[in-house]
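# A look at the structure
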Amino acid sequence: MLDAASPWAPLLPSARRVTLEVLLHGPLARSELADRLGLSTASLTRLTKPLVDAGLLREVDTPNLRGGGRPLQPLDVDPDLQRFIGIKLAGFRAYAVLTNLRADILDSASVEITGHDVEAVVAKIAELVASLDDPGRPVAAVGIGIGGVVHEFARVQRAVFLHWKDLDLGAEVSRATGRPTVVSNDLDALLEAEHWFGDGRDVDSFAVLTIGAGVGGGLVIHDRLVGGPDSGLGLLGHFPVDPFGPICPEGHRGCVKALLTTDAIQSQAALTLGRPVTYDEVLDLAEAGNAVADQIVGRAAHAFGTLIAAVANIAQPERIILTGEGIRLAQVAEGRVRTTIAQSRNPEASPIDLRLINDDPMLWARGAAAVAIQRTVLAVLPLRAG
């Protein structure tokens with residue numbers, strides 16, 4: 001249930017459908033909106049009038065490009081109608097953004113996390129919320145994205161980086177902040193942000209692949225996020241790509257985790273070069289022509305291209321989005337990644353629409369805010385803590 005003051009709570013399904021279409025694709029002329037929803041003009045007018053009167057929808061003046069006559073007045077949602085806070089909770093830092101109803105970032109903040117004690121981390125989260133929240137205009141909800149297994153948008157079943165198990169984080173944060181709180185897997189949250197407000201908004205199916213501390217992936221098919229009982233376990237990281245490759249910490253030979261993570265690449269380079277190196281230094285050396293670094297980066301690029309092609313071949317998404325803190329690999333070795341993709345695909349297969357997003361922790365925080373927006377608009381948030 002939503003807080004009773006929410007403008008979304010009393011909406012009937014038909015009215016919610018209209019408002020959601022405008023939120024995601026607006027501004028929309030009434031004729032286009034009617035076509036999208038398969039409604040007659042009379043039915044659309046009957047549905048939109050009370051929404052305009054209530055302030056959920058508004059008419060936006062636009063010039064009449066045909067010259068003369070009354071200006072067009074498409075319908076739009078006021079993005080400042082509500083505000084949200086999204087938090088990306090990492091092992092040693094928490095990143096937060098304040099957004100509007102369309103997940104546009106209005107402000108941001110971050111705070112160091114020095115330990116993994118639940119009470120201390122929740123206090124840091126409350127500190128972030130207080131720094132971005134305006135008491136005179138409180139946020140509608142708080143979203144938290146965390147790497148791990150999350151159930152029912154509240155309970156963290158397992159979060160390896162924070163050493164947490166079976167924790168009702170949603171309830172803890174809601175009590176500490178006084179705001180409705182939803183918790184989700186951070187990659188799922190990023191997918192939902194792209195689904196509603198980003199590069200996945202205009203397609204019915206897309207995949208997201210991330211490389212960095214781990215290797216992750218998610219899929220939206222028929223306009224819905226694909227999930228299952230093992231979501232958040234990082235299963236994609238053990239997808240085999242090289243039968244002669246190195247062994248990952250879990251004992252799998254040649255999986256993408258053994259070849260693509262930042263730690264794997266750093267470890268391979270340090271072992272071969274005989275000195276510690278950072279991930280970016282390995283990429284810099286490869287760009288400069290260092291043979292050792294180039295071989296390591298080339299093998300990683302081949303693994304990444306193989307993974308991308310496998311996702312394209314199996315799921316056949318309309319688009320694949322690439323990101324993560326290690327995504328610079330795809331820029332440095334773009335040619336080799338694309339060559340491997342081509343070698344792993346049927347020559348008659350459609351070209352893959354690849355989109356690369358430079359990594360930014362605030363984008364992951366925006367994902368958490370997007371989930372809070374979704375749960376608010378769909379009227380499925382928990383009750384506000386007293």
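Residues numbered from 1 in each chain as written. Predicted model: local features only at pLDDT ≥ 70, side-chain atom pairs only at ≥ 80, totals over all residues. Heavy atoms only, no water.

As annotated in an unreviewed UniProt entry, the chain is ROK family transcriptional regulator from Saccharothrix xinjiangensis. On record in UniProt, under Sequence similarities (unreviewed entry), the comment for the chain is "Belongs to the ROK (NagC/XylR) family." (UniProt positions renumbered as here; feature names shortened; annotations may be inferred.)

## Description of the pattern of salt bridges
Within this structure, the stated rule accounts for 23 salt bridges. For Glu-59, the salt bridge goes to Arg-30, with nearest N and O atoms at 2.7 Å. Of this pair, Glu-59 sits in strand β1 (residues 57–59) while Arg-30 sits in helix α2 (residues 30–37), and the two are 29 residues apart along the sequence. Judged by relative accessible area, Glu-59 falls into the partly exposed class, the value being 38%. Overall, the relative accessible area of 32% leaves Arg-30 in the partly exposed class. For Glu-334, the salt bridge is made with Arg-338, and the minimal N-O distance between the two is 3.1 Å. Here Glu-334 pairs with Arg-338, and both are found in helix α12 (residues 334–343), just four residues apart, close to one helical turn. The class for Arg-338 is partly exposed, based on a relative accessible area of 41%. (Salt bridge = Lys/Arg side-chain N within 4 Å of Asp/Glu carboxyl O. Helix = DSSP H or I, 4+ residues; strand = E, 2+ residues; numbered from the N terminus. Buried < 20%, exposed > 50% of the residue type's maximum accessible area, 1.4 Å probe, protein only.)

## Concerning the environment of Thr-261
The residue Thr-261 is located in the loop between α7 (256–260) and α8 (262–273) in this model. Judged by relative accessible area, which is 4%, Thr-261 ranks as buried. Beyond its immediate chain neighbours, meaning those up to four positions away, Thr-261 contacts Gly-212, Ala-213, Gly-214, Val-215 and Val-256. A distance of 3.1 Å separates a polar atom in the side chain of Thr-261 from the backbone nitrogen of Ala-264. (Contact = heavy atoms within 4.5 Å. Polar contact = N/O pair within 3.5 Å; in protein donor to acceptor, adjacent residues only side chain to side chain.)

## Notes on the packing of aromatic side chains
Within the structure shown, the criterion is met by one aromatic pair. Between the NZ or CZ atom of Arg-375 and the centre of the ring of Phe-153, over which it lies, the distance is 3.8 Å. (Phe/Tyr/Trp six-rings, centres within 6.5 Å; stacked < 30°, edge-to-face > 60°. Lys NZ or Arg CZ within 6 Å of the ring centre and 35° of its normal.)

## Some thoughts on the sheet that holds strand β7 (residues 149–151)
The strand order β7-β8-β9 describes an open sheet built from three strands, whose pairing is antiparallel. A single partner strand is all that each edge strand has here, and the edge strands are β7 and β9 (164–168). Sheet twist, expressed as the mean angle between neighbouring strand axes with direction ignored, is 10 degrees. Inspection of the sheet shows strand β8 (residues 155–159) paired to β9 by four bridges, in the antiparallel sense. Pairing of Arg-158 across the sheet is with Lys-165, part of β9. (Pairing = 2+ DSSP bridges. Axes fitted to C-alpha atoms, helices over the stretch in contact; angles between N-to-C directions.)

## Digging into α12
The complete set of buried residues in α12 reads Val-337, Thr-340 and Ile-341. The arc that holds the buried residues of α12, viewed along the axis, is 105 degrees, so those residues lie on one side. Counted as exposed and oriented over 90 degrees from the buried face of α12: Ala-342 and Gln-343. In this fold, the buried residues of α12 make contact with α10 (291–315) and β15 (354–356). (Arc of directions from axis to C-beta.)

## A few points about the nonpolar core
Counting 37 residues, the largest nonpolar core has Leu-209, Leu-260, Phe-304, Ile-308, Ile-320, Leu-322 and Leu-329 as its most contacted members. Here the element with the most residues in this core is α10; it accounts for 12 residues. With sequence-adjacent residues up to four places away left out, Phe-304 is seen in contact with Leu-209, Ile-211, Leu-260, Leu-322, Ile-327 and Ala-330. With 33 residues, the next largest nonpolar core counts Ala-34, Leu-37, Leu-47 and Trp-196 among its residues. (Core = buried A, V, L, I, M, F, W, Y, C linked by side-chain atoms within 4.5 Å.)

## Notes on the sheet that holds strand β14 (residues 319–323)
Reading across from one edge, β13-β12-β11-β14-β15 is the order of the five strands in this open sheet, with mixed pairing throughout. Edge positions in the open sheet fall to β13 (224–225) and β15, since each of these has one partner strand only. Examined bridge by bridge, strand β11 (residues 206–211) and β14 share five bridges and lie parallel to one another. For Phe-206, the partnering residue across the bridge sits in β14 and is Arg-319.

## Examining empty space enclosed by the protein
What the rule picks out here adds up to one cavity of 30 Å³ or more. Of the pockets and cavities examined, the largest cavity occupies roughly 40 Å³. When residues of the lining of the largest cavity are traced back to their parent elements, those giving at least two are α6 (186–197) and α13 (361–377). In terms of residue class, the lining of the largest cavity is made up of four nonpolar, two polar and three charged. (1 Å grid on protein atoms, 1.4 Å probe; cavity = no way out; pocket = protein on both sides within 12 Å on 5 of 7 lines; lining within 4 Å. Points joined across faces, edges and corners; volume = space filled by probe spheres on them. Nonpolar A, V, L, I, M, F, W, Y, C, P; charged D, E, K, R; others polar.)

## Regarding the layout of surface pockets
Computed from the structure, the second largest pocket encloses a volume of approximately 910 Å³. Forming the boundary of the second largest pocket are 36 residues, of which Glu-192, His-195, Arg-224, Leu-225 and Gln-374 lie nearest the centre. Listing elements by their share of the lining of the second largest pocket, those giving two or more residues are α1 (13–25), β7, β10 (181–185), α6, β13 and α13. Sorting elements by how many residues they give to the lining of the second largest pocket places α1 first, with six residues.

## Observations concerning the side chain of Lys-88
Its place among the elements puts Lys-88 in strand β3 (residues 84–89). Looking at Lys-88, its side chain comes within polar contact range of the side chain of Asp-186, at 2.4 Å. In contact with Lys-88, other than residues within four places in its own chain, are Arg-93, Ala-94, Tyr-95, Gly-145, Asp-186, Pro-361, Trp-364 and Ala-365.

## Examining the pairing of strand β4 (residues 93–99)
Counting buried positions over the seven residues of β4 gives five, a clear majority of the element. One ladder, built from six bridges, connects β3 with β4; its direction is antiparallel. Counterpart to Ile-85 in the pairing with β4 is Leu-98. Taken together, β3 and the strand that follows it, β4, pair antiparallel across an intervening segment of three residues. Sheet topology note: the β4/strand β5 (residues 105–112) ladder contains seven bridges and is antiparallel. Along β5, the bridge assignment pairs Val-97 with Ser-108. Between β4 and β5, which pair antiparallel in sequence order, lie five residues; one of them, Ala-103, sits at a positive phi of approximately 65 degrees.

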